[in-house]
Amino acid sequence: MKKCAIVLSILCLFFLSMSPVYAQSNKPLHWGFAKSKNHEPPSAGVELDTLLGKYGSFYLGNSTTKEIYLTFDNGYENGYTPKVLDVLKKQKVPATFFVTGHYLEKEPGLVKRMVNEGHIVGNHSWHHPDLTTQSAEKLKKELESVRLKVEELTGQKEMNYLRPPRGIFSERVLAESKKLGYTTVFWSLAFIDWKVDAQRGWKYSYDNIMRQIHPGSILLLHTVSKDNAEALDQAIIDLKKEGYIFKSLDDMMINKMIENPYLISL
């Protein structure tokens, strides 16, 4: 019996040594929230709100002002980003585009255009993996590869914002990303728009945006969507009529620093 106990102890130590040990929980979390109703801010719940706040992450702007933030996820190009950029330029609206390595390699001209027209390019990782499955070293490589390629293409030296692929994250991912200088940005308004073979017409996108809009909205849209490209101009026009102002994530961060000076030292 003693020999069996010793062998079991040795095996336990062996397997523990083979598994990475993290200071923070690496339990995968899938971003989600109760959608906005009656234009009230949505809620992700106290637990997620507290976790995100701990690492300076967010999914919502100031819900007392009619400021909203456009963000787009760009895993690959489907022919609609030029139209999206045309609308943003026409309407003088800033946006953040979260790009992958595939997008950077296939569409360098569009990435250059994003930066040249005053938009922010954020990090969506190189290979679009579940970041909770990546070691600290691999996570750094995923993010650094995107940052360096964007700098090479556009001259944009800083990359401050990260959006985890598929909204999958963990406390460890938030912590490791923060160490690398990133603020993780989720969203407070989204709908199923990424299925390229199941587009429903521009009104579907328009109605979802207008139905869910709320003060402080961070909108997640995918540029692979024909619906989004065709709805964007009218949505922006009508949101402006309702008194909404489009801001960039940098504007939000500046306001956060003014309101909470201690964040500068985090």
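First, a word on scope: everything that follows refers to the structure included in this document. It should be emphasised that the depicted structure is a prediction, and the values quoted were computed from it without experimental measurement.

So, on to the side chain of Thr132. Take Thr132: it is sitting in the loop between strand E4 (120-123) and helix H6 (136-154). What makes Thr132 buried here is its relative accessible area of 7%. Other than its neighbours up to four places away in sequence, Thr132 contacts Asn26, Pro28, Ile168, Phe169, Ser170, Arg172 and Val173.

Next up on the list: the environment of Asn74. Take Asn74: it is sitting in strand E2 (residues 67-74). Discounting residues that sit within four places of it in the chain, Asn74 has contacts with Thr81, Phe97, Phe98, Val99, Thr100, Tyr103, Met114 and Thr223. Engagement of the side chain of Asn74 in a polar contact is seen with the side chain of Tyr103, the distance being 3.4 Å. In this structure the side chain of Asn74 is engaged in a polar contact, spanning 2.9 Å, whose partner is the side chain of Thr223.

Taking burial as the measure, the 5 residues of strand E3 (residues 95-99) include 5 buried ones, the bulk of the element. Pairing of E3 with E4 involves 4 bridges; the strand directions are parallel. Its bridge partner being in E4, Phe97 is matched across the sheet by Val121.

Quick notes on the rules
- Residues numbered from 1 in each chain as written.
- Predicted model: local features only at pLDDT ≥ 70, side-chain atom pairs only at ≥ 80, totals over all residues.
- Heavy atoms only, no water.
- Helix = DSSP H or I, 4+ residues; strand = E, 2+ residues; numbered from the N terminus.
- Buried < 20%, exposed > 50% of the residue type's maximum accessible area, 1.4 Å probe, protein only.
- Contact = heavy atoms within 4.5 Å.
- Polar contact = N/O pair within 3.5 Å; in protein donor to acceptor, adjacent residues only side chain to side chain.
- Pairing = 2+ DSSP bridges.

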